[in-house]
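Here are the chains, one letter per residue:
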Amino acid sequence: MTSFKVIRARAEKRKGGAKALEKVLRPVASAKALAKLGDDRVLAEMTKRVFCAGFAWSVIDTKWLGFEEAFLGFQPAKLAFKPDEYWEKLTSDTRIVRNGAKIMSVRDNGRFVQEIAREHGSFGKFLAAWPSSDEVSLLDLLAKRGSRLGGNTGQMLLRFLGWDGFVTSRDVIACLRDAGLDIAEEVKSKRDLAKVQAQFNAWAEESGLPYTHISRICAMSIGENHTSDEIIERMRSDT
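From a predicted model like this one, the values you see are computed outputs, not experimental measurements.

Draft legend 1. Layout of the packing of aromatic side chains. Summed over the entire model, instances satisfying the criterion amount to 14 aromatic pairs. Ring centres of Phe123 and Phe126 lie 5.4 Å apart, and the angle between their planes is 75°; this geometry places the pair in the edge-to-face category. Of the two residues, Phe123 and Phe126 both sit in helix H10 (residues 123-129), three residues apart, roughly one turn of that helix. Among the residues examined, Phe123 registers a relative accessible area of 1% and is labelled buried. Accessibility expressed as a relative area gives 5% for Phe126, which makes it buried. When the ring of Phe166 is compared with that of Phe200, the centres are 4.9 Å apart and the planes differ by 25°; the resulting orientation is stacked. Taken together, the residues Phe166 in the loop between helix H12 (151-161) and helix H13 (170-178) and Phe200 in helix H14 (residues 190-207) connect sequence positions 34 residues apart. Both residues of the pair, Phe166 and Phe200, count as buried. A connected cluster of aromatic rings, assembled from ring pairs, spans Phe51, Trp64, Phe67, Phe71, Phe74, Tyr86 and Trp87. Here the guanidinium or amino end of Lys48 rests over the ring plane of Trp64, the centre of that ring lying 4.6 Å away.

Quick look at the structure:
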């Protein structure tokens, strides 16, 4: 396998140097910051990722204040007591995107958040204690116990919450394959995910970098070469 030092050098060259590359790396939340996450903010991010999946993110962002109002600030305890009529009414609420299945996922994920909070004190504390070296198991838990949180949606949820992990984007997969990892062009199987995890563990040990930064650098080392300014602007629009 190609060493991460080589991949990082390639990314730095593409972005105009080491300092330019560092400018476009997202900050990673500390365990302390994760532990302080409110369960309402976790449910809000779950909802945003679910609704953004297969949809224009800009539309969701434009309507987001309406989502906050319609779903009562994403307070799991408040939503838990709402009857079926409340959820049915939301399917005609113009403040949000009226996708029935995704609307019902908010109810299910609210229960999921509450279950984890009862087990660990809060969902944030649960995330803070989970090691980045075993993201695969965390993704499996999100897929099994959550609603519509499998695949890339679960990965993006963790990324936007600030948890330190990788995302198997097209460019990240291309980087891994180029480095010599025997995985499919679309990483979906548990076998391939285990290989990706093992390689990220090895690169983390080699570089001492957070998994999020390794993932981002990997993506920027290959494929279409966006400028640092373009990436920074995209990061701003994604927050």
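Read on, since the account is not over.
Draft legend 2. The pattern of salt bridges, seen in detail. Enumeration over the complete set of coordinates arrives at 18 salt bridges. Where Arg41 meets Glu68, a salt bridge forms, and the shortest distance between an N and an O atom there is 2.8 Å. Taken together, the residues Arg41 in helix H4 (residues 39-52) and Glu68 in helix H6 (residues 64-70) connect sequence positions 27 residues apart. Classification of Arg41 as partly exposed rests on a relative accessible area of 34%.

Draft legend 3. Local environment of the state of the cysteines. Tallying each qualifying case throughout the model produces one disulfide. With a sulfur-sulfur separation of 2.3 Å, Cys175 is cross-linked through a disulfide to Cys218. Given an S-S torsion of about -110°, the disulfide between Cys175 and Cys218 has left-handed geometry. Pair noted here: Cys175 is in helix H13 and Cys218 is in helix H15 (residues 211-220), with a separation of 43 residues, a long-range link.

Quick notes on the rules
- Each chain carries its own residue numbering, running from 1 in the written order of its sequence.
- Predicted model: local features are reported for residues with pLDDT of at least 70 only, side-chain atom pairs are reported and counted for 80 or more only, and whole-chain, interface and lining totals are derived from all residues.
- To obtain the side-chain values, all non-hydrogen atoms of the structure were used and water was disregarded.
- Only the six-membered ring of Trp is used, alongside the rings of Phe and Tyr, when aromatic pairs are assigned; centres must lie within 6.5 Å, and planes under 30 degrees apart are stacked while those over 60 apart are edge-to-face, with the rest tilted.
- Each helix is a run of DSSP H or I of at least 4 residues and each strand a run of E of at least 2, with the numbering of both proceeding from the N terminus.
- With a 1.4 Å probe rolled over the protein chains alone, any residue whose accessible area is under 20% of its type maximum counts as buried; one over 50% counts as exposed, and the rest are partly exposed.
- Placement of a positive charge over a ring is assigned whenever Lys NZ or Arg CZ falls within 6 Å of the ring centre and within 35 degrees of the normal to the ring plane.
- The rule for a salt bridge is simple: a side-chain nitrogen of Lys or Arg has to be within 4 Å of a carboxyl oxygen of Asp or Glu.
- Count a disulfide wherever a pair of cysteine sulfur atoms falls within 2.5 Å.

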